Structures are given as C-alpha cells and as structure tokens.
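Coordinate analysis (summary)
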Amino acid sequence: MSDTPAAPSAVTESDVDLGDGHVLHVYDTGDLGAGGATDVEPLVVVWHHGTPNIGAPPRPLFEAAARLGIRWVSYDRPGYGGSTPRPGRDVASAARDVAAVADHLGVGSFAVMGHSGGGTHALASGALLGDRVRSVVSVSAVAPFSASGLAFFAGMAPGGEASLRAAAAGRESKEAHEAAAAQGPEGEIDVGFVPADEAAFAGPWGWFGSVVGPALAAGPAALIDDDLAYVSDWGFEPGAVSAPTLVVHGGADRIVPASHGQWLAGAVPDADLWLQPGDGHISVLRTAEDALTWLARTARRS
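The paragraphs below set out a description of the structure included in this document. The shown structure was predicted, so the numbers you read here are calculated from the model rather than taken from an experiment.

Reading across the sheet, the eight strands line up as 1-2-4-3-5-6-7-8 and stay open at both edges, with mixed pairing between neighbours. In this open sheet, the two strands that pair with only one neighbour each are strand 1 (12–17) and strand 8 (271–276). Sheet twist, expressed as the mean angle between neighbouring strand axes with direction ignored, is 20°. Bridging between strand 7 (residues 245–250) and strand 8 involves six bridges; their strand directions are parallel. Its bridge partner lying in strand 8, Val-248 is registered against Trp-274. With respect to the sheet, helix 3 (residues 117–128) is in contact with strand 3 (43–48), strand 5 (110–115), strand 6 (133–139) and strand 7, its orientation differing from that of strand 6 by roughly 160°. On the sheet, helix 10 (residues 288–301) packs against strand 3, strand 4 (70–75), strand 5, strand 6, strand 7 and strand 8 and is oriented at approximately 160° with respect to strand 6.

A general trend in soluble globular proteins is that nonpolar side chains are found buried together. The biggest cluster of nonpolar side chains holds 48 residues, and the ones touching the most others in it are Phe-110 and Phe-236. No other element matches the six residues that helix 2 (residues 93–105) contributes to this core. With residues near it in sequence (within four places) discarded, Phe-110 still touches Val-44, Val-46, Val-98, Ala-102, Leu-129, Arg-132, Val-133, Arg-134 and Ser-135. Grouped together as the second largest cluster of nonpolar side chains are 38 residues, Tyr-27, Leu-43, Met-113 and Ala-200 included.

Before going further, it helps to examine the pattern of salt bridges. A side chain with one charge may pair with a side chain of the opposite charge, provided their charged atoms come close. For the coordinates displayed, the defined rule picks out 14 salt bridges. As a salt-bridge pair, Arg-165 and Glu-161 come within 2.8 Å of each other at their nearest N and O atoms. Of this pair, Arg-165 and Glu-161 both sit in helix 4 (residues 158–168), separated by four residues, roughly a single helical turn. We classify Glu-161 as partly exposed; its relative accessible area is 22%. With a shortest N-O distance of 3.0 Å, Arg-171 and Asp-225 are connected by a salt bridge. Residue Arg-171 is found in helix 5 (residues 171–182), and its partner Asp-225 is found in helix 8 (residues 221–230); the two are separated by 54 residues along the sequence. A relative accessible area of 6% places Asp-225 in the buried class. One continuous salt-bridge network, built from bridges that share partners, spans Arg-77, Arg-89 and Asp-226.

Moving on, we come to the packing of helix 5 against helix 8. Think of two packed helices as two axes; the pair is described by the angle between the axes and how far apart they sit. It is at 10 Å that the axes of helix 5 and helix 8 come closest, and there the two elements cross at 135°. Overall, the two elements helix 5 and helix 8 adopt an arrangement that is oblique. Where helix 5 crosses over helix 8, the handedness of that crossing is right-handed. For the pair helix 5 and helix 8, the contacting residues are Arg-171, Lys-174, Glu-175 and Glu-178 in the first and Leu-223, Ile-224, Asp-225, Asp-227 and Leu-228 in the second. Considered class by class, the residues forming the contact of helix 5 with helix 8 number three nonpolar, no polar and six charged.

What follows covers a nonpolar patch on the surface. On the surface, Ile-189, Val-191 and Phe-193 cluster together into a nonpolar patch covering about 240 Å² of accessible area. Relative to the assigned elements, Ile-189 resides in the loop between helix 5 and helix 6 (195–201).

This next bit is on the packing of aromatic side chains. Counted under the stated rule, the structure contains nine aromatic pairs. With a centroid separation of 5.2 Å and an interplanar angle of 85°, the aromatic rings of Phe-193 and Phe-201 are classed as edge-to-face. Residue classification places Phe-201 among the partly exposed residues on the basis of a relative accessible area of 28%. Measuring from centroid to centroid gives 5.2 Å for Trp-207 and Phe-208, while their planes differ by 55°, and the two rings are tilted. Each member of the pair, Trp-207 as well as Phe-208, carries the same accessibility label: buried. Counting every residue linked through ring pairs, the aromatic cluster contains Phe-145, Phe-152 and Phe-153. Across the ring face of Phe-153, the terminal group of Arg-165 is positioned such that the distance to the ring centre comes to 4.0 Å.

Conventions adopted
- Residues numbered from 1 in each chain as written.
- Predicted model: local features only at pLDDT ≥ 70, side-chain atom pairs only at ≥ 80, totals over all residues.
- Heavy atoms only, no water.
- Pairing = 2+ DSSP bridges.
- Helix = DSSP H or I, 4+ residues; strand = E, 2+ residues; numbered from the N terminus.
- Axes fitted to C-alpha atoms, helices over the stretch in contact; angles between N-to-C directions.
- Contact = heavy atoms within 4.5 Å.
- Core = buried A, V, L, I, M, F, W, Y, C linked by side-chain atoms within 4.5 Å.
- Buried < 20%, exposed > 50% of the residue type's maximum accessible area, 1.4 Å probe, protein only.
- Salt bridge = Lys/Arg side-chain N within 4 Å of Asp/Glu carboxyl O.
- Parallel < 35°, antiparallel > 145°, perpendicular 65-115°, else oblique.
- Left-handed = near helix turned anticlockwise from the far one by under 90°.
- Nonpolar A, V, L, I, M, F, W, Y, C, P; charged D, E, K, R; others polar.
- Patch = residues over 30% accessible without salt bridge, like charges linked within 9 Å, V, L, I, M, F, W, Y side chains within 5 Å.
- Areas by Shrake-Rupley, 256 points an atom, 1.4 Å probe, with all protein chains shown as cover.
- Phe/Tyr/Trp six-rings, centres within 6.5 Å; stacked < 30°, edge-to-face > 60°.
- Lys NZ or Arg CZ within 6 Å of the ring centre and 35° of its normal.

Quick look at the structure:
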C-alpha cells in the first residue's frame, strides 16, 4: 500500500453574494481529511487563474497539494464562468474579491499562487491584504504597463503585442480588435507558444483545455476586462507586497517576456526569482510542484 496521500478528487462549487449585485463563483477542494497529509499544518492556497481561463483550481497540482497538506480555494474572476461581469475592474479588485471569498469560507490567513495574468492578480492580495497573506507565488506574470525601465513589448510575440496595444488604446479599440479576431485571421497568428509549451500541453498541463474553452464560451468580454486592467493603473504598487514572494518565469517566454518577471522580482521587496532559461509560458509550470513546496514551507514559517 502506498504512503502517498490521495489527491482530492472532488471540488465543491458555491456562489458568494457580494451584496452589491455581484456574485463570485467559488471552487474549494475542502479539507484533505484522512487522505491528506496529517503531519503538517493545513494551509489554504488561493489560486488565481490566467487570461482567458475559468477559476477551477489546478488539477495537475492536486497530488502535490495533498502531499503538502494544501487546500485549494479559487474563483472565477468577474465575467468568467459563474461570476458576475464587472467592467472597469482593476487588478487591485482581486484582493477585495479574495477577502470576500475567504470570509465566506471562514478562512483567516492563506497563501496565494497564480499563473500568467493570475500571477499579476496574486500580487494584489500580497500588496493589499496585509498579514492575511502568508506567501505569494507569481508565475509568468505581466508587469505594470508603466513600469520604469521596462521595455514592455520587447520580446513579445506579435499576437500578444497587438492585443495589448489595442487594450492600451482603450476599450473601443480592444473590443474592435477582439471582434476582428473572431472573424478569423487572414493568416496564422503568432501568439508566442514555443516548442516546449506545445510539449507541456501534451502532458498534464493539457488541463488548460478544460478551463480555456468554458472561459470563452460567453465571448471575449471578461478577457477584454482583464487586458484593460493589465495596461491601466493596477490600484497598487508591486513594492507594497509585504509577504515573502517567489517570481517564476521562463527565459524563453514570448507571451510575457522574462524581462517582466525580472522587473517584478526587483520591485517586490522580499522576492526570490526562479528564471528557467529554456522554458516558455506554459512549460515553466514543470517547476510548479517545487514552487508549491516553496510556498507551503514559507507560509508555515511566517
């Protein structure tokens, strides 16, 4: 008989009424119970999803989470999945949403982890929720559009650059860009995946297929809100992140170039940087189990 804890197989879903006409759709793997780690303090980790994804927690990390005594909590950002749209939201609003979700579930303190745009939103909790956030992992995250000393678009694939330049020109421009994209491209669009990313999709991280399709089922509105938030004032400074932070980035990333991760690691006061030279935007997640171990260890120390 194996001594390895069983990964949680069931995810409970619920809705949090924010009392202002908005609802957040929440996912929770619950306590690990008898199948989980019993020799460590239970730890809630809030997962922040990328763009465009729904918020289901990362199934490829369930087994590692069970071993580490981690309970996943996550939610659909406004406009995705079962969460009410909230046009004009900024990145900082994610911290308020996380606090509401944690309060709903009776969770006091927690760690946060996110990938891609989720890595950017995870930083909001670290900056704005004080001691409630015990540690942060931000993977493949975009830096602020106005970041001093950063050439924002340098090294970015043409498809991603065109999309974010449209967002920087305003909502009307971004909506027109997405409408044109929906009509079908004249040629193949280079969005920036490298061969290592394609190999990752063929493995466990093919899981992304289960969260991207549902995110786009209702159209591009939530994606538009995300991209507008990335290139607008975030509502906080990365330097305000007070929790221990790990920034993970692929050196070969062409969707969000590695310079973004390097800039963020320099801007966050207590940040470590894991730069993976041969990895792209998705393949960098081969380090995700190690990053999750770092997150659990650091959170339990704080």
